[in-house]
Amino acid sequence: MTAALAAVTTSGLEDGVPRSRGEGAGEVVVERGPGAAYHMFVVMEDLVEKLKLLRFEEEFLRKSNLKAPSRHYFALPTNPGEQFYMFSTLAAWLINKAGHPFEQPQEYDDPNATISNILSELRSFGRTADFPPSKLKSGCGEHVCYVLDCLAEEALKYIGFTWKRPVYPVEELEEESVAEDDAELTLNKVDEEFVEEETDNEENFIDLNVLKAQTYHLDMNETAKQEDILESTTDAAEWSLEVERVLPQLKVTIRTDNKDWRIHVDQMHQHKSGIESALKETKGFLDKLHNEITRTLEKIGSREKYINNQLENLVQEYRAAQAQLSEAKERYQQGNGGVTERTRLLSEVMEELEKVKQEMEEKGSSMTDGAPLVKIKQSLTKLKQETVDMDIRIGIVEYTLLQSKLKEKSNMTRDMHATVIPEPAAGFY
């Protein structure tokens, strides 16, 4: 975990683009390397670690009754509605965690208003958001990861959290455990005792006068020992017993190195011999099993031939029955096809019969219906009325014509009986 958290401090050089810690996809970058498309996955993993530091599982997920998001939850699109709701609620919790009061958004709130409020709070922290708000509607992507990462950093700053230097684990080389005897003397023990003696001597203060006196006494003792060695007074039997007693302590054991190629060659030879010995035993068992399977297969083949010979007549009868069954099925299919065709013709005839019945019912209802007769009587009555009206009009016209003729006749009579005739008119005639 410490190595993952330490990656945040060096995230400024990821994907080949220089940027400061916490800078994300929202800032304008002039040059983007080939790893820029995967930068949001790194930001998302850092965000998960920061949320763990903020104890969001205990303080946020359990209170909101939500399940923990995966390490790439906001980096990959899965369910836009669910991801946007998770993003808005998590952003509101981080803003409140950073010391700014922010109302928890509801599921049916306007997403544009929620996004604008979150971006305004982000800008109030001094962070830049140079991207359109519509990039956050999907609830996933590099801009969403950038916003949540910035809010998580502000929350960590507010609670006083500081990043520490990573502590890398020390890799220890595996060493073969060598059975050591208490009486054996190893080179490592000798070196350790020698180093301890040197450190003890270095810790003491050196006095030159004492050193000279010790040197003088040592020289005198050595000269006296050399004189004693010239004539030995030691018993040979006691010397042999002492050698046998000290001999186990004089044995030196050298630790073997697992990386030495000679050890690997020895191990290969040991494994080879073990495989060859196991192969001999296994080959015998496999040959025995092969022979048993071969005999069993031969028995099965012979019994199969015997059964086929015994059941040959029944097989022929079965084949004949199968042929008859196929013929019967074929005839059944043909008869079934004829029945289907006749059923179709019957349905057509029934439809025509229904049409004829419907036409006969319409004609019968029209013949028994008295509506036409009533209409004819009404028409005759109307014609008679119109005839009477016409007779009256004709009488009026005849009367008017008679009056005009009588008037004209009276005028002519009056003109004939007139006594005075005008002269110009007579002369003209």
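Everything numeric in this text was worked out from a predicted model, so none of it was measured.

**Details of the overall build of the protein**
Piece 1. Within the protein, the secondary structure is distributed over 13 helices and two strands.
Piece 2. Looking at the protein residue by residue over its 429 residues, the buried ones come to 19%.
Piece 3. Across the protein, contacts joining residues at least 24 apart in sequence account for 64% of those joining residues at least 6 apart.
Piece 4. Carbon and sulfur atoms make up 57% of the accessible area of the protein, which amounts to about 34,600 Å² in all.

**Some thoughts on the nonpolar core**
Piece 1. Phe74, Phe87, Leu94, Val147 and Leu148 are the most contacted members of the largest nonpolar core, which has 40 residues in total.
Piece 2. Of all the secondary structure elements, the ones that give two or more residues to this core are α2 (39-53), α3 (56-64), α4 (80-97), α5 (111-124) and α6 (142-158).
Piece 3. Here this core gets 10 residues from one element, more than from any other, and that element is α6.
Piece 4. Other than its neighbours up to four places away in sequence, Leu148 contacts Leu47, Phe74, Phe87, Leu90, Ala91 and Leu94.

**Points about a nonpolar patch on the surface**
Piece 1. Together, Leu286, Leu289, Ile293, Leu297 and Ile300 give the surface a local cluster of nonpolar side chains, amounting to about 480 Å² of exposed area.
Piece 2. With respect to the secondary-structure elements, Ile300 resides in helix α10 (residues 261-310).

**What about a negative patch on the surface?**
Piece 1. Side chains of Glu354, Glu359, Glu361 and Glu362 sit close together on the surface and give a patch of like negative charge.
Piece 2. Structurally, Glu361 can be placed in helix α11 (residues 312-368).

**Digging into the layout of surface pockets**
Piece 1. Roughly 150 Å³ of internal volume is contained in the second largest pocket.
Piece 2. The wall of the second largest pocket is formed by Phe102, Glu103, Gln104, Pro105, Gln106, Asp109, Asp110, Ala113, Thr114 and Asn117.
Piece 3. Looking at the lining of the second largest pocket, its residues break down into three nonpolar, four polar and three charged.

**Observations regarding the packing of aromatic side chains**
Piece 1. Applying the stated rule across the entire model yields four aromatic pairs.
Piece 2. Residues Phe84 and Phe87 carry aromatic rings whose centres are separated by 6.4 Å and whose planes lie at 50° to one another, so their mutual orientation is tilted. Taken together, the positions of Phe84 and Phe87, both in helix α4 and three residues apart, correspond to about one turn of that helix.
Piece 3. Residue class for Phe84 comes out buried when judged on its relative accessible area of 14%.

**So, the packing of α4 against α5**
Piece 1. As a packed pair, α4 and α5 sit with axes 11 Å apart at the nearest point and diverge in direction by 35°. As for how α4 packs across α5, the hand of that crossing is left-handed. Touching Phe84, Phe87, Ser88, Ala91 and Ile95 of α4 are Pro111, Thr114, Ile115, Ile118 and Glu121, all from α5.
Piece 2. Taken together, the residues of the contact of α4 with α5 sort by class into seven nonpolar, two polar and one charged.

**As for the pattern of salt bridges**
Pairing is possible between side chains of opposite charge, provided their charged atoms come close.
Piece 1. Tallied over the full model, the rule gives nine salt bridges.
Piece 2. Across the pair Glu49 and Arg71 runs a salt bridge, and its minimum N-O distance is 3.1 Å. With a gap of 22 residues between them, Glu49 in helix α2 and Arg71 in the loop between α3 and α4 connect regions that are remote in the sequence.
Piece 3. With relative accessibility at 6%, the residue Glu49 sits in the buried group.
Piece 4. Overall, Arg71 belongs to the partly exposed group, its relative accessible area being 34%.
Piece 5. Among the ionic pairs, Arg245 bridges to Glu242, the shortest N-O distance being 2.3 Å. On the criterion of helical spacing, the pair formed by Arg245 and Glu242 is a turn pair, its members being three residues apart in helix α9 (residues 236-246).
Piece 6. According to the relative accessible area criterion, Arg245 is exposed, its value standing at 52%.
Piece 7. The class of Glu242 is partly exposed, set by a relative accessible area of 36%.
Piece 8. Each member of the salt-bridge network shares a partner with another, and the members are Lys50, Arg127, Asp149, Glu153, Glu154 and Lys157.

**Structural notes on the confidence of the model for the protein**
Piece 1. Summing up the model confidence of the protein, the mean pLDDT is 76 and the portion of residues at 70 or higher is 73%.
Piece 2. Mean pLDDT across the elements of the protein bottoms out in helix α1 (residues 2-9) (38) and peaks in α10 (91).
Piece 3. Here residues 1-30 is a poorly scored stretch, pLDDT under 50, and it has 59 contacts once near neighbours within four places are set aside; other chains count.
Piece 4. Throughout residues 425-429 the model reports pLDDT below 50, and contacts reaching past four residues in sequence, or to other chains, amount to zero contacts.

**So, the packing of α3 against α4**
Piece 1. Running from N to C, α3 and α4 point in directions that differ by 135°, and their axes come no closer than 12 Å. Taken together, α3 and α4 sit at an angle that is classed as oblique. For the crossing formed where α3 meets α4, the hand is right-handed. Across the interface between the two elements, Phe56, Glu59, Phe60 and Leu61 of α3 pack against Met86, Thr89, Leu90, Trp93 and Lys97 of α4.
Piece 2. Here the residues of the contact of α3 with α4 are counted per class, giving six nonpolar, one polar and two charged.

Criteria and thresholds
Residues numbered from 1 in each chain as written. Predicted model: local features only at pLDDT ≥ 70, side-chain atom pairs only at ≥ 80, totals over all residues. Heavy atoms only, no water. Helix = DSSP H or I, 4+ residues; strand = E, 2+ residues; numbered from the N terminus. Buried < 20%, exposed > 50% of the residue type's maximum accessible area, 1.4 Å probe, protein only. Contact = heavy atoms within 4.5 Å. Areas by Shrake-Rupley, 256 points an atom, 1.4 Å probe, with all protein chains shown as cover. Core = buried A, V, L, I, M, F, W, Y, C linked by side-chain atoms within 4.5 Å. Patch = residues over 30% accessible without salt bridge, like charges linked within 9 Å, V, L, I, M, F, W, Y side chains within 5 Å. Salt bridge = Lys/Arg side-chain N within 4 Å of Asp/Glu carboxyl O. Lys, Arg positive; Asp, Glu negative; His and termini not counted. Charge placed at Lys NZ, Arg CZ, Asp CG, Glu CD. 1 Å grid on protein atoms, 1.4 Å probe; cavity = no way out; pocket = protein on both sides within 12 Å on 5 of 7 lines; lining within 4 Å. Points joined across faces, edges and corners; volume = space filled by probe spheres on them. Nonpolar A, V, L, I, M, F, W, Y, C, P; charged D, E, K, R; others polar. Phe/Tyr/Trp six-rings, centres within 6.5 Å; stacked < 30°, edge-to-face > 60°. Axes fitted to C-alpha atoms, helices over the stretch in contact; angles between N-to-C directions. Left-handed = near helix turned anticlockwise from the far one by under 90°. pLDDT = per-residue confidence, 0-100. Parallel < 35°, antiparallel > 145°, perpendicular 65-115°, else oblique.

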